[in-house]
Amino acid sequence: MTISTVFVTPSMIRVRFGGAGLEKFESTGIPDERLRLLFGDGTAQVARSYTVRAFDPRGPFLDVDFVVHDGGIAADWALRAKPGDRLRLSEARGWYGPPTDIDWQLLVADMTGLPALTRAIEQLPAGTRASVIAAVPDRADEQIVPTRGDVSYLWLHTDGSRHDRARTVPVPSLPEAVRDFELPDSPGYVWVATEASEARSIRKYFHRELCWDPRSFDIKGYWRHDKERWQQRYAQVQHRIDTVREQAIADGKSGDELARIVDDALENAGL
Ligand SMILES: Cc1cc2nc3c(=O)[nH]c(=O)nc-3n(C[C@H](O)[C@H](O)[C@H](O)COP(=O)(O)OP(=O)(O)OC[C@H]3O[C@@H](n4cnc5c(N)ncnc54)[C@H](O)[C@@H]3O)c2cc1C
């Protein structure tokens, strides 16, 4: 049940859920744990993925930060949410998992990944070295949270022109900024949450170009630009993608490897 809503920054609404319905919820404690939130009535429900920004079992309270954007069922719901409104939610699951033997972390996100990124920063063990690259519309959407880690920030302001007038140079995209980042010459871990095509480009960089061990990065697409066009195109090629996936499973592929094979098939199909 919704308890309250507040704008954390101009493009982010925090909805606090609470009440008896939350008593059975168990947090994994993993900072990018996500829920599936169910919108609509019993006959026509749609699910959307959102991050548990914070959970306090003593309330219990559960905070979810929604990015404000046009034309979204979930985003519209958050804009209109008021105390007493109810949503159904799934169990939580997370991926962020830095190996123990690393010296540094690189955390990369756009607005949708910021709830998980800020939670990860809050939970960093004392002295952990982390670099953040984050894309937000403008300065007012930056978020700096308390941490015991040793954290540096690069904020990219994406407000329309991608042009930083003060510097008179184009603002890089997230994939460009990741390529520009000077990777320390010691073991590290990379976590990325951003738009799907950006995530794919960054994944290719670490996997194909740098040949990193997949255990050293977790790179996820959190949303799709122009999702409606993508879904139309996907419907036309779905049988081809399904065939590739089934063949890969029959060949014993799973996990990251399977995901990459399917990703390649999608890219070949122009998706
Ligand atoms: C693991 C995971 C965790 C996530 N955590 C969060 C979170 O904590 N907070 C959060 O806000 N999002 C989060 N997302 C992203 C969120 O699930 C998507 O943005 C989702 O599409 C929003 O649903 P909607 O109903 O508002 O829009 P949809 O109905 O899915 O899309 C409607 C239109 O809006 C566009 N669109 C969708 N998302 C955005 C966006 N962010 N910016 C601009 N245009 C958009 C689509 O291309 C489409 O044209 C997460 C996703 C994943 C996979």
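About the cut-offs
- Residues numbered from 1 in each chain as written.
- Predicted model: local features only at pLDDT ≥ 70, side-chain atom pairs only at ≥ 80, totals over all residues.
- Pairing = 2+ DSSP bridges.
- Helix = DSSP H or I, 4+ residues; strand = E, 2+ residues; numbered from the N terminus.
- Axes fitted to C-alpha atoms, helices over the stretch in contact; angles between N-to-C directions.
- Expected span 1.5 Å × (residues − 1).
- Bend = angle between axes of the 7 residues up to and from the residue.
- Buried ≥ 20, exposed ≤ 12 C-beta atoms within 10 Å, placed from the backbone.
- Near = placed C-beta within 6 Å.
- Nonpolar A, V, L, I, M, F, W, Y, C, P; charged D, E, K, R; others polar.
- Domains from an automatic or database assignment.
- Core = buried A, V, L, I, M, F, W, Y, C linked by C-beta atoms within 7 Å.
- Contact = placed C-beta atoms within 7 Å.

Draft legend 1. Focus on the sheet that holds strand β13 (residues 188-195). Ordered by their spatial adjacency, five strands build an open sheet running β10-β9-β8-β13-β14, and the pairing between neighbours is parallel. Of all the strands in the sheet, the pair left with one neighbour each is β10 (150-157) and β14 (217-223). Across the sheet, the mean angle separating the axes of adjacent strands is 10° when strand polarity is ignored. Pairing geometry for strand β8 (residues 104-109) and strand β9 (residues 129-136), over six bridges, is parallel. Directly across from Trp104, in β9, lies its bridge partner Arg129.

Draft legend 2. Representation of unusual backbone geometry. In this structure, Pro60 follows Gly59 across a cis peptide bond, with omega equal to -10°. Despite not being glycine, Cys211 shows a phi value in the positive range, around 55°. Looking at the element boundaries, Cys211 is found in the loop between α4 (196-209) and β14. In this structure, Asp226 is a non-glycine residue whose phi angle is positive, near 50°. Within the secondary structure, Asp226 sits in the loop between β14 and α5 (227-250).

Draft legend 3. Seen up close, α5. When the terminal C-alpha atoms of α5 are compared, their 30 Å separation across 24 residues is substantially less than the 34 Å that a helix rising 1.5 Å per residue should span. The sharpest bend along α5 comes to roughly 65°, located at Val237. Little of α5 is tucked away: zero of the 24 residues are buried. Looking one or two residues beyond α5, the residue adopting positive phi is Gly252, at roughly 90°.

Draft legend 4. A look at the site of the ligand. Around the ligand, a shell composed of 24 residues is seen, among which Thr51, Val67, Gly72, Trp223 and Lys227 lie nearest. When contributions to the shell around the ligand are tallied by element, the ones reaching two or more residues are β4 (46-51), β6 (61-67), α1 (73-80), β14 and α5. When the residues that make up the shell around the ligand are grouped by side-chain class, the tally is nine nonpolar, seven polar and eight charged.

Draft legend 5. Up close: the domain arrangement of the protein. What the domain assignment reports for the protein is domain 1 (2-89), domain 2 (104-223) and domain 3 (227-268). Taking only C-alpha atoms, the centre of domain 1 and the centre of domain 3 are 30 Å apart.

Draft legend 6. Up close: the nonpolar core. Of all hydrophobic cores here, the largest spans 45 residues; its most connected members are Leu107, Val108, Leu117, Ala134 and Val192. Top element by residues in this core is β9. It accounts for six residues. Domain assignment of the residues forming this core places at least three in each of domain 1 (2-89) and domain 2 (104-223). If we ignore the near neighbours within four places in the chain, the residues touching Val192 are Val108, Ala199, Ile202, Ile219 and Lys220.

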